[in-house]
Structure formats: C-alpha cells, structure tokens
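# Survey of secondary and tertiary structure
Letter by letter, the chains look like this.
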Amino acid sequence: MPRGRYSLHDPHDHTPLAEEHFQCAPGPSGWRYTSLLTTPAGEHRGSVDLTLDDLGRPLRLELHAGSWQVRGAALDGVTWVRTDPTGTHATEGNVRAHAFTGTSPAFLIATARLLRLTPSSPATRVRLVAFTDPVLAPRTVDQSWALVTREAHATDSGPLIVDEYQVTALDTGEQHTVHLAGDVVLAAPGLELEDLESPPSVFP
C-alpha cells in the first residue's frame, strides 16, 4: 500500500499551494486513493477519496475544499452533487463524460487506468469533468492522452516500470508530460513526489 506526500504548486510561477498526504491500494472493487491536504502553513485545506472499479471508472468520489464538498460517481456518464458552505443550496450535475479530474495526482492515475494505453496505441481522446480549486466548480474538459514510452528501471526491490504520457488539452492545444509508476505519479506539471514509504502497486 503506497503512502507518501506530494507537494502541489502553481505550474506557471511555482507558488506553493498545498501538501497532499496520501495512501492508495488496489482492493476488491478496483483501486482506492485517499488523501488529506494542508496549506504551506500546515492548516487543513481539504481531502480526496476516490474509488475506481476494475475498469477504471469512478465508483465513488468525495472531495472537500474549504467548506465545499462534491460527491460523484459514474452514472449516465458522470453525476455529482456539489454542496455550498452553508449546506442549503446543493446543486446536481450530469455530463456525458468518462470520468472526473482535478488538481489531485489521483486523477492522473485514474485517467491512465481508465484508458489502459500501450506504447503502440494511438492518442486517445477523453472527456472529463474537472473540479477546480478553491470552490470545486465543475468544468468539462477534453483531453488527448498518448503513452509515449514504457521503461523498466532497476531498483533494490526489482524493476520499476515507468510510463511517460503526453497529455494535450484539446481546447488550447497545450501539452504536458506525466510520468507514472503503477499507482504513483513520479512527475507532472504542478506537483512533485516528495516522500514515498513503500513501492507503487502494480496493476494487473
């Protein structure tokens, strides 16, 4: 069960945004990721709880940011309920999309798990609902994912398989690179893996 810490920062000016303390593991239903976020000053900022099924679809998502909360799942596309700080004006949403995304590294792993690309696969288009900080506002985004390389790196506990993805935002054409090893993000824009207590899990 990998557990560790990511640091999140603004990908443009590198302003520190948060620390994300996480643990994740394959389970009976598929895969689960939980994390707590703190500000650079150490104050509680929010949490992430994401469970995927065996096909990589979101069985359950619960996000907290400040006083805002989102609960969602794959249902007729993706469906969610977003609750405001007072709890009096819950709003529901539904989009014909494949999954969710956001600032947490969990969503990069989830999208890669959903697409199951190989180095010979063509670039694949995916529609996601992004919940943007700091108020978890939903926004539909279209991306293209391609698995550029898959390399084995020798470690003390055996070979570590690292996948390099090229992700393109289809509305702007902006491209970035994501490096994944199993269910851990090694590098991506706006985040750094600062600490990892055990090796990544290997998906079957």
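Residues numbered from 1 in each chain as written. Predicted model: local features only at pLDDT ≥ 70, side-chain atom pairs only at ≥ 80, totals over all residues. Heavy atoms only, no water.

The protein carries the name Glycolipid-binding domain-containing protein in an unreviewed UniProt entry, which gives Streptomyces echinoruber as its organism.

### Focus on the layout of surface pockets
Applicable threshold: A cavity, in this analysis, means grid points on a 1 Å lattice covering only the protein atoms where a 1.4 Å probe fits yet has no way out; a pocket is instead an open set bounded by protein on both sides within 12 Å along at least five of seven lines, and a residue lines either one if it has an atom within 4 Å of a point. Grid points are joined across faces, edges and corners, and a volume is the space filled by probe spheres set on the points. Helix and strand assignments follow DSSP, with helices taken as H or I runs no shorter than four residues and strands as E runs no shorter than two, numbered in order from the N terminus. Three classes are used: nonpolar for Ala, Val, Leu, Ile, Met, Phe, Trp, Tyr, Cys and Pro, charged for Asp, Glu, Lys and Arg, and polar for all others, with Gly counted as polar.
Estimated volume of the largest pocket: approximately 1100 Å³. Every residue lining the largest pocket is counted, 37 residues in all, and those nearest its centre are P11, G102, T103, R139 and H176. Breaking the lining of the largest pocket down by element, the ones donating at least two residues are strand 1 (3-9), helix 1 (105-115), strand 10 (124-132), strand 11 (137-153), strand 12 (160-169) and strand 13 (175-181). The element best represented in the lining of the largest pocket is strand 11, accounting for five residues. Grouping the amino acids of the lining of the largest pocket by side-chain chemistry returns 16 nonpolar, 14 polar and seven charged. In this structure, the second largest pocket spans a volume of roughly 540 Å³. Around the second largest pocket, the lining is made up of 23 residues, and of these A181, G182, S201, V202 and F203 lie nearest the centre.

### Considerations on the environment of T79
Just so we agree on the cut-off: For every residue, the accessible area (1.4 Å probe, protein chains only) is compared with the maximum for its type, and the residue is labelled buried under 20%, exposed over 50%, or partly exposed between those bounds. By definition in these notes, contact holds between two residues if any of their heavy atoms fall within 4.5 Å. Polar contact criterion, stated in full: a pair of N or O atoms within 3.5 Å, where within protein one must be able to donate a hydrogen and the other to accept it, and residues adjacent in sequence count only if both atoms are side-chain atoms.
Counting through the fold element by element, T79 comes out in strand 7 (residues 78-83). Owing to a relative accessible area of 24%, T79 belongs among the partly exposed residues under this scheme. For the pair T79 and G42, spaced 37 residues apart in sequence, the C-alpha separation works out to 32 Å. In this view, T79 contacts R71, G72, A73, G93, N94 and F100; residues no more than four positions away in its chain are not counted. Here the side chain of T79 touches N94 through a polar contact of 2.8 Å, side chain to side chain.

### Side note on a negative patch on the surface
Spelled out, the test is: The patch calculation keeps residues exceeding 30% relative accessible area without a salt bridge and links them within 9 Å when they carry like charges or within 5 Å when they are nonpolar (Val, Leu, Ile, Met, Phe, Trp, Tyr). Here, Shrake-Rupley sampling with a 1.4 Å probe gives the accessible areas, and only protein chains in the shown set may cover a residue. Definition used for salt bridges: Asp or Glu carboxyl oxygen within 4 Å of a side-chain nitrogen of Lys or Arg. Note on charges: Lys and Arg go in the positive column, Asp and Glu in the negative column, and His and the chain ends are not counted at all. For this purpose, a charge sits on NZ of Lys, CZ of Arg, CG of Asp or CD of Glu.
On the surface, a cluster of negative charge is contributed by E192, E194, D195 and E197. By secondary structure assignment, the location of D195 is in strand 15 (residues 191-196).

### Side note on the pairing of strand 11
Which entries qualify depends on this criterion: Paired strands, as defined in this entry, are two strands with at least two bridges between them according to DSSP.
Taken together, the nine bridges between strand 10 and strand 11 define a ladder with antiparallel strand orientation. Across the sheet, A130 pairs through a bridge with R139, a residue of strand 11. Here strand 10 hands over to strand 11 after four residues, with L136 in that stretch at a positive phi of 55 degrees. Across 10 bridges, strand 11 lies against strand 12 in antiparallel orientation. Paired with T149 across the strands is E164, a residue of strand 12. Following strand 11, the chain reverses through six residues before pairing antiparallel with strand 12; G158 in that reversal takes a positive phi of roughly 110 degrees.

### Observations concerning the environment of E92
Considering the arrangement of structural elements, one finds E92 in strand 8 (residues 91-95). In this structure E92 touches W80 and V81, once residues within four positions along its chain are discounted.

### Thoughts on helix 1
Burial analysis of helix 1 places 11 of its 11 residues in the buried class, the great majority of the element. Of the residues making up helix 1, those classed as buried are P105, A106, F107, L108, I109, A110, T111, A112, R113, L114 and L115. One or two residues past the end of helix 1 sits R116, with phi positive at roughly 50 degrees.

### Comments concerning the packing of aromatic side chains
Here is the rule we go by: Stacked, edge-to-face and tilted are the three classes for Phe, Tyr and Trp ring pairs, Trp counted by its six-membered ring, which pair at centre distances within 6.5 Å; planes under 30 degrees apart are stacked, over 60 edge-to-face, the rest tilted.
A full pass over the atoms with the stated rule returns seven aromatic pairs. Ring geometry for W31 versus Y33: centroids 5.9 Å apart, planes at 45 degrees, classification tilted. Residue classification places Y33 among the buried positions, given a relative accessible area of 0%. Put simply, the rings of Y6, F22, W31, Y33 and F203 touch in pairs and so form one group of aromatic residues.

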